[in-house]
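The primary structure of each chain is shown beneath.
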Amino acid sequence: STPKPSSAASDVYKRQVREQAQVRRSIGLVFQDPTLDEQLTARENLLFHAELYNVPRQVREQRMSEVLKMVELYERRNDLVKTFSGGMKRRLEIARGLMHCPRVLFLDEPTLGLDPQTRRHIWEYILQMREREGVTIFLTTHYMDEAEHADRIAIIDYGKIVALDTPEALKSMVGGDVVTVHTVDDEAARHHIAARYGVRVLSSRDGHGLSFEVENGAEFVPRLVAESPVQVLSVSVRRPTLDDVFLKLTGRAIRDEGADQKERMRQRVRRRFGPHGRM
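The shown structure was predicted, so the numbers you read here are calculated from the model rather than taken from an experiment.

Caption draft 1: Summary view of helix H6 (residues 116-133). In this model H6 runs 25 Å from its N-terminal to its C-terminal C-alpha over 18 residues, within 8% of the 26 Å that 1.5 Å per residue would give. When H6 is considered as a whole, its buried residues turn out to be Thr 118, Arg 119, Ile 122, Trp 123, Tyr 125, Ile 126 and Met 129. All buried residues of H6 project into a common sector of 160° when viewed along the axis, lining one side. Residues of H6 that are exposed and point over 90 degrees away from its buried face: Pro 116, Glu 131 and Arg 132. Of the surrounding secondary structure, the elements contacted by the buried residues of H6 are helix H4 (57-70), helix H5 (86-98), strand S2 (104-108), strand S3 (136-140) and helix H7 (144-147). Measuring from the backbone nitrogen of Gln 117 back to the side-chain oxygen at the start of H6 gives 3.1 Å, which picks out Asp 115 as the cap.

Printed below as a string of structure tokens:
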């Protein structure tokens, strides 16, 4: 038989059921795929969102001006969204997610597919938004350099959280320096390094060469080259990154999800939240 929930848990659940509208107003969502109406102007997209979330009419114009200025789109507020670049659309979606003053904002890979300059600008807006709006941000990303901005990071592998801590604490798990070596015969070098130095040897992130951790990497490299049974073509030493943490915890580089799997997940989210992020 299924155990009955405690009275306290039951009260919390009942309160959540009664306060669904309040919960919805506390959450903002920015999906990975565009959900803007491109036949409307930027202003019209925001007004439609304000209507859905019952933003009081007397504050809509002020709030719209605030979020558009924050993402530097105020001068384009009356332009059709179909005339916007990909980066501008992304910025408008972030502004829309803030329109109803949420306490929590969920961003699903907000910079995926954008060029490096636009990615940097998007992050400037996100960090500014965190300070100005006082909003808690939950972000999913495959870019580990972006994860460096987070206060806490959860590394997820096959749907399970395998680590949860601050960026620095996670990097300290790696231990020593990361040595990357490329030889004329990486497979032979792999067996030699593992047996000779007792370290775990992995394929490097780009798939070329080998990667492993040692203390005092700069001092270790001359010994490695001198004792290698095969010719060493290149070698480098660096401090650990979050990519190294992911590699250490999962044993492989970050994988691309299958398109079908991601689309199924998006469809489930949309059935739950609707096309504009409403529950």
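Caption draft 2: Broad picture of a nonpolar patch on the surface. Together, Ile 156, Ile 161 and Leu 164 make up a nonpolar patch on the protein surface, roughly 300 Å² of accessible area in all. Locating Leu 164 in the fold gives a position in strand S5 (residues 160-165). Judged by relative accessible area, which is 46%, Leu 164 ranks as partly exposed.

Caption draft 3: Up close: the nonpolar core. Of all hydrophobic cores here, the largest spans 30 residues; its most connected members are Leu 46, Leu 92, Leu 98, Leu 105, Ile 126 and Met 129. If sequence neighbours within four positions are ignored, Leu 98 has contacts with Arg 63, Val 67, Met 70, Leu 105, Met 129 and Glu 133. In terms of nonpolar packing, the next biggest core, distinct from the first, is built from 13 residues, Ala 189, Val 201, Val 214 and Phe 220 among them.

Caption draft 4: Quick peek at the side chain of Lys 171. With respect to the helices and strands, Lys 171 occurs in helix H8 (residues 167-172). Each residue touching Lys 171, except ones within four places of it in the same chain, is listed here: Glu 148, Pro 240, Thr 241, Leu 242 and Val 245.

Reading the values: the criteria
Residues numbered from 1 in each chain as written. Predicted model: local features only at pLDDT ≥ 70, side-chain atom pairs only at ≥ 80, totals over all residues. Heavy atoms only, no water. Helix = DSSP H or I, 4+ residues; strand = E, 2+ residues; numbered from the N terminus. Expected span 1.5 Å × (residues − 1). Buried < 20%, exposed > 50% of the residue type's maximum accessible area, 1.4 Å probe, protein only. Arc of directions from axis to C-beta. Contact = heavy atoms within 4.5 Å. Polar contact = N/O pair within 3.5 Å; in protein donor to acceptor, adjacent residues only side chain to side chain. Patch = residues over 30% accessible without salt bridge, like charges linked within 9 Å, V, L, I, M, F, W, Y side chains within 5 Å. Areas by Shrake-Rupley, 256 points an atom, 1.4 Å probe, with all protein chains shown as cover. Salt bridge = Lys/Arg side-chain N within 4 Å of Asp/Glu carboxyl O. Core = buried A, V, L, I, M, F, W, Y, C linked by side-chain atoms within 4.5 Å.

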